[in-house]
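# What the coordinates show
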Amino acid sequence: LLRGAGLAVALLLLVASLAVLRTLTNTERLLQLRSTFVASVSHDLRTPVASVALMAENLRSGHAAGREAEYAAAIEREAARLGRLVDALLDFGRIERGLPAKLVRDRVRLRAWLEAFGAAEVAKCAARQRTLRVSLGPLPEAADVDRHAIERALSNLIDNALVHAGGSPIELRASCERGALAFEVLDEGGAVQASQLDALFEPFAQGSDRPAVSGGTGLGLAIVRAVAEAHGGTACLELRTDGTAGLRALVEVPFGTTATDPEDRAA
């Protein structure tokens with residue numbers, strides 16, 4: 001009995017030691033990823049700041065005479081880039097503190113907004129020699145949502161697909177289902193284990209290799225889920241079941257109105 005009890009205690013101590021070691025290893029890895037994220041964003045901030053400062057100096061000194069419109073467009077692009085980086089930092093801070101995404105809702109005419117957003121994403125993908133197809137189904141005429149937060153979430157899903165899907169096409173779909181706006185991003189990437197999909201929404205869960213390859217922050221999918229949940233909705237990743245290899249990302253956001261777009265009624 002004493003030998004059996006001693007063996008049991010030894011086994012328990014061994015299991016506990018392995019659990020502690022695993023926890024410490026995961027904690028150290030997470031700290032390294034956080035440090036990499038902060039260093040990466042801080043480095044990325046320098047480029048647009050330097051570009052804006054240089055263009056402002058050229059405009060002030062008259063070296064950009066006759067090219068004011070070109071410079072203005074470039075400054076707008078760099079300002080948008082800075083805005084995205086600042087949003088990433090703010091999202092990082094809120095996720096770190098366990099807070100929900102901060103929303104600023106306004107009344108949005110859905111079809112016009114999504115057509116403009118889709119066109120911008122198509123152009124972004126085309127600049128990277130990739131194909132993005134956009135499909136808009138029946139939609140409410142308008143909804144009270146934070147369009148900038150949803151844009152950030154959808155853009156993160158598309159960026160994730162650009163990395164995951166290799167060179168295959170990507171599709172963005174938007175429609176109205178069960179009293180909610182339903183956004184889908186579908187790719188034709190390689191196989192992923194179904195058991196791993198939900199864990200990918202954890203901050204930095206993809207490891208250090210994915211951010212290094214994609215230039216991402218490691219927070220993309222965590223931000224997607226935070227934005228969906230802040231709207232009272234959900235976000236998930238699934239293996240495609242239509243006979244195509246790849247993933248289907250689904251974001252559902254309640255909109256609280258049943259009015260349909262006049263274009264849908266006309267159709």
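Before any of the text, the structure's been laid out above.
The text that follows walks through the structure, step by step, so that each part is easy to find.

Quick notes on the rules
Residues numbered from 1 in each chain as written. Predicted model: local features only at pLDDT ≥ 70, side-chain atom pairs only at ≥ 80, totals over all residues. Heavy atoms only, no water. Helix = DSSP H or I, 4+ residues; strand = E, 2+ residues; numbered from the N terminus. Contact = heavy atoms within 4.5 Å. Areas by Shrake-Rupley, 256 points an atom, 1.4 Å probe, with all protein chains shown as cover. Salt bridge = Lys/Arg side-chain N within 4 Å of Asp/Glu carboxyl O. Buried < 20%, exposed > 50% of the residue type's maximum accessible area, 1.4 Å probe, protein only. Expected span 1.5 Å × (residues − 1). Arc of directions from axis to C-beta. Core = buried A, V, L, I, M, F, W, Y, C linked by side-chain atoms within 4.5 Å. Axes fitted to C-alpha atoms, helices over the stretch in contact; angles between N-to-C directions. Left-handed = near helix turned anticlockwise from the far one by under 90°. Nonpolar A, V, L, I, M, F, W, Y, C, P; charged D, E, K, R; others polar. Pairing = 2+ DSSP bridges.

With that out of the way, let us pick up the overall build of the chain. Secondary structure assignment for the chain yields seven helices and seven strands. A sequence separation of at least 24 residues applies to 72% of the contacts in the chain between residues at least 6 apart. Accessible surface computed for the chain: about 15,200 Å², of which carbon and sulfur atoms make up 58%.

One pass over the full model with this rule turns up 10 salt bridges. A salt bridge links Arg67 to Glu70, with the shortest nitrogen-to-oxygen separation between them at 2.9 Å. A relative accessible area of 45% means that Glu70 is categorised as partly exposed. Across the pair Asp144 and Arg107 runs a salt bridge whose closest N-O atoms are separated by 3.3 Å. Linking Asp144 in strand 3 (residues 142-145) with Arg107 in strand 1 (residues 106-109), this pair joins segments that are 37 residues apart in sequence. Relative accessible area serves as the criterion here: at 53%, Arg107 is assigned to the exposed category. Ionic contacts of the salt-bridge type, sharing partners, join the residues Glu121, Lys124 and Asp159 into one network.

This brings us to helix 3 (residues 110-127). Counted at 1.5 Å a residue, the expected span for helix 3 with its 18 residues is 26 Å, and the 26 Å between its end C-alpha atoms agrees. Taken together, the buried positions of helix 3 are occupied by Leu110, Arg111, Trp113, Leu114, Phe117, Gly118, Glu121 and Cys125. Buried residues along helix 3 cover an arc of 150° about the axis, so they all sit on one side. In this structure, helix 3 carries Ala116 and Ala127 as exposed residues pointing more than 90 degrees from its buried face.

In this section: the nonpolar core. Trp113, Val145, Leu157, Phe183, Val185 and Val251 are the most contacted members of the largest nonpolar core, which totals 42 residues. The set of elements that each furnish at least two residues to this core consists of helix 3, strand 3, helix 4 (147-164), strand 4 (170-177), strand 5 (180-186), helix 6 (220-230), strand 6 (234-239) and strand 7 (247-254). The contact partners of Phe183, leaving out residues within four places of it in the chain, are Leu114, Ile150, Leu154, Arg173, Ala174, Ala249, Leu250, Val251 and Val253.

This brings us to the packing of helix 4 against helix 6. Think of two packed helices as two axes; the pair is described by the angle between the axes and how far apart they sit. Where helix 4 meets helix 6, the closest approach of the two axes is 9 Å, and the angle between their N-to-C directions is 145°. The crossing of helix 4 and helix 6 is left-handed. Residues Ala149, Ile150, Arg152, Ala153, Asn156, Leu157 and Asn160 of helix 4 touch helix 6, and the partners they reach there are Gly220, Leu221, Ile223, Val224 and Val227. Taken together, the residues of the contact of helix 4 with helix 6 break down into eight nonpolar, three polar and one charged.

Moving on, we come to the sheet that holds strand 4. Taking strand neighbours across the sheet as the criterion, the five strands line up as 2-4-5-7-6 in an open arrangement whose pairing is mixed. The strands lining the two open edges of the sheet, one partner per strand, are strand 2 (132-136) and strand 6. Adjacent strand axes in the sheet meet at a mean angle of 15°, parallel and antiparallel pairs treated alike. On the sheet, helix 3 packs against strand 2, strand 4 and strand 5 and is oriented at approximately 170° with respect to strand 2. Across the sheet, helix 6 is in contact with strand 6 and strand 7; its angle to strand 6 comes to roughly 135°.

What follows concerns the environment of Ala101. By the element assignment, Ala101 lies in the loop between helix 2 (68-96) and strand 1. As a C-alpha pair, Ala101 and Asp91 span 10 residues in sequence and 7.1 Å in three-dimensional space. Those residues in contact with Ala101 that lie beyond four places of it in its chain are Arg94, Ala226, Val227 and Ala230.

Looking now at the environment of Val224. With respect to the helices and strands, Val224 occurs in helix 6. Linking Val224 and Thr234, residues 10 residues apart in sequence, is a C-alpha distance of 9.2 Å. Setting aside its immediate chain neighbours within four residues, Val224 contacts Ala153, Asn156, Leu157, Phe201, Ala235 and Val251.

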